[in-house]
Amino acid sequence: MSVSAVRKWAWLGTLLVGAALYFAVLAVLADTNNPNLFPTMILLGALVVPLTFVTFAAGRSGRWLIDGPTLGGCLLFGGVVGVVVAGLLEYDAMRRLGTLPMLGVGLIEEAAKLVVPAVLVVFFGHRYRASVGRGIIIGVAVGTGFAVLETMGYAFVALLQSGGNVGAAEQTLFIRGLLSPAGHAAWTGLSCWGLWRFVSAPSGRHLAGFAGMYALAVALHTAWDGIGGVITYAVVGTISIGLLLLGLRRARRMDISSRVDVSSVR
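Quick caveat, the model's predicted, so the values are computed rather than measured.

A tally of regular secondary structure across the chain gives eleven helices and zero strands. Starting at the N terminus, the α and β elements of the chain follow one another as α-α-α-α-α-α-α-α-α-α-α. Accessible surface computed for the chain: about 13,300 Å², of which carbon and sulfur atoms make up 69%.

Right, dumping it as structure tokens:
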């Protein structure tokens, strides 16, 4: 099997290994009732599906656009910074307003998740600016980190509120983990698609495109949280994933064209 094929199908190995580890922990927890395994169960349950999606997105070009340390750093630091900034801004807004509409939540969280990508563009732009595909993958990784931490928090709260019922936490992990690729990961990927198009070729049109992508991410986020329900999740999720895959496909074509142009010059 070629290196390109291995990278393209690496997501399947990530899913199988991650799922095996999760069910192994779950089986031991059910057998021993050892509470020390709760954090491991919550971590794996929140991480397996989102990490699989990151691997899937990263392999769409047939080559790794982002190296492992950068991808892991985006997952960790992007997620933590996003959660901290969003939590602080939402707390301040709710304290002043008494309540925070879903639109406000979408605006704050989608902006908070762009902090780390913006830092990468400003301080390390020479490494990442040349490829829009890299920007999309960075956005997916940051959104994934945010979703994983958020899911872990909800699962922990469900565990406490249910008096230590593993099933309640497991249900939360399953639902939120399964839906996260169509949520935070896709929305931040779309915002970074617009951001990277602008920074790679600054123009008024690309700036408007970035603003439009951010507004679209906020609108999808608001509809997801504000309306809810299976139909909403299906429609919003389909739009989010569909647009993200479109962005990856277009970015791949741009990367191939740029490599062909460079080779022809040489």
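The periodicity of an α-helix, 3.6 residues per turn, causes residues three or four places apart in sequence to face the same way. The first and last C-alpha atoms of helix α2 (residues 10–32) sit 33 Å apart over 23 residues, in line with the 33 Å expected at 1.5 Å per residue. The secondary structure elements touched by the buried residues of α2 are α3 (38–58) and α8 (166–179). Just beyond α2, the residue with positive phi is Asn33, at close to 55°.

In the structure shown here, the tally under the stated rule is six aromatic pairs. When the ring of Trp11 is compared with that of Phe56, the centres are 6.1 Å apart and the planes differ by 85°; the resulting orientation is edge-to-face. Placement of the pair is Trp11 in helix α2 and Phe56 in helix α3, with a sequence separation of 45 residues. Measuring from centroid to centroid gives 5.7 Å for Trp187 and Trp224, while their planes differ by 80°, and the two rings are edge-to-face. Of this pair, Trp187 sits in helix α9 (residues 184–200) while Trp224 sits in helix α10 (residues 204–226), and the two are 37 residues apart along the sequence. When its relative accessible area of 1% is taken as the criterion, Trp187 is described as buried. Among the aromatic residues, ring-to-ring pairing joins Trp9, Trp11, Phe53 and Phe56 into one connected group. The side chain of Lys113 reaches across the aromatic face of Phe146, ending 5.5 Å from its centre.

Glancing now at the environment of Gly79. Mapped onto the secondary structure, Gly79 falls in helix α4 (residues 68–97). Between the C-alpha atoms of Gly79 and Ala112, which are 33 residues apart in sequence, the distance is 9.5 Å. Among residues more than four places away in sequence, those in contact with Gly79 are Cys74, Val142, Gly145, Phe146 and Leu149.

Where α9 meets α10, the closest approach of the two axes is 7 Å, and the angle between their N-to-C directions is 170°. What the angle tells us is that α9 and α10 run roughly antiparallel. Residue-level contacts link His184, Trp187, Leu190, Ser191, Trp193, Gly194, Leu195, Arg197 and Phe198 of α9 to Arg205, His206, Leu207, Phe210, Met213, Tyr214, Leu216, Ala217, Leu220, His221 and Trp224 of α10. Of the residues contributing to the contact of α9 with α10, the split by class is 13 nonpolar, five polar and two charged.

Moving on to a nonpolar patch on the surface. Among the surface-exposed residues, Leu76, Phe77, Val80, Val83, Val84 and Leu149 lie close enough to one another that they form a single nonpolar patch of about 500 Å² accessible area. Looking at which element gives the most residues to the nonpolar patch, the answer is α4, with five residues. Here Val80 lies in helix α4.

Turning our eyes to something else, we now look at the nonpolar core. In this structure, Ile136, Ile137, Ile138, Val140 and Trp196 are the most contacted members of the largest nonpolar core, which totals 38 residues. Contributing elements (two or more residues each) for this core: α3, α4, α6 (115–128), α7 (132–161), α9, α10 and α11 (230–265). Examining the composition of this core, we find that nine residues originate from one element, α9, more than from any other. Core analysis: the next-biggest nonpolar cluster, separate from the first, contains 15 residues, Tyr22, Leu29, Leu44 and Leu159 among them.

Below, the discussion takes up α10. For α10, which comprises 23 residues, the first-to-last C-alpha distance of 32 Å matches the rise-based estimate of 33 Å (1.5 Å per residue) to within 8%. Of the positions making up α10, those classed as buried are His206, Phe210, Met213, Ala217, Val218, Leu220, His221, Thr222 and Trp224. Looking one or two places after α10, you find Gly228, whose phi comes out positive at around 70°.

Let us now look at the confidence of the model for the chain. For the chain, mean pLDDT is 86; residues scoring 70 or higher make up 88% of the total. Considering only residues more than four positions removed or in separate chains, one finds that residues 260–266, a stretch of pLDDT under 50, has zero contacts.

Counting across every chain of the model gives two salt bridges. When the shortest N-O distance is used, the salt bridge between Glu110 and Lys113 registers 2.9 Å. Of the two residues, Glu110 and Lys113, both sit in the buried class. Of the charged contacts in the structure, one is a salt bridge between Glu150 and Arg176, with a shortest N-O distance of 2.8 Å.

Here we take up unusual backbone geometry. Note on backbone geometry: most residues besides glycine have negative phi, and most peptide bonds are trans. Here Asn33, not a glycine, exhibits a phi torsion of approximately 55°, which is positive. For Asn33, the location among the structural elements is in the loop between α2 and α3. Overall, Asn33 belongs to the exposed group, its relative accessible area being 61%.

Conventions we followed
Residues numbered from 1 in each chain as written. Predicted model: local features only at pLDDT ≥ 70, side-chain atom pairs only at ≥ 80, totals over all residues. Heavy atoms only, no water. Helix = DSSP H or I, 4+ residues; strand = E, 2+ residues; numbered from the N terminus. Areas by Shrake-Rupley, 256 points an atom, 1.4 Å probe, with all protein chains shown as cover. Expected span 1.5 Å × (residues − 1). Contact = heavy atoms within 4.5 Å. Phe/Tyr/Trp six-rings, centres within 6.5 Å; stacked < 30°, edge-to-face > 60°. Buried < 20%, exposed > 50% of the residue type's maximum accessible area, 1.4 Å probe, protein only. Lys NZ or Arg CZ within 6 Å of the ring centre and 35° of its normal. Axes fitted to C-alpha atoms, helices over the stretch in contact; angles between N-to-C directions. Parallel < 35°, antiparallel > 145°, perpendicular 65-115°, else oblique. Nonpolar A, V, L, I, M, F, W, Y, C, P; charged D, E, K, R; others polar. Patch = residues over 30% accessible without salt bridge, like charges linked within 9 Å, V, L, I, M, F, W, Y side chains within 5 Å. Salt bridge = Lys/Arg side-chain N within 4 Å of Asp/Glu carboxyl O. Core = buried A, V, L, I, M, F, W, Y, C linked by side-chain atoms within 4.5 Å. pLDDT = per-residue confidence, 0-100.

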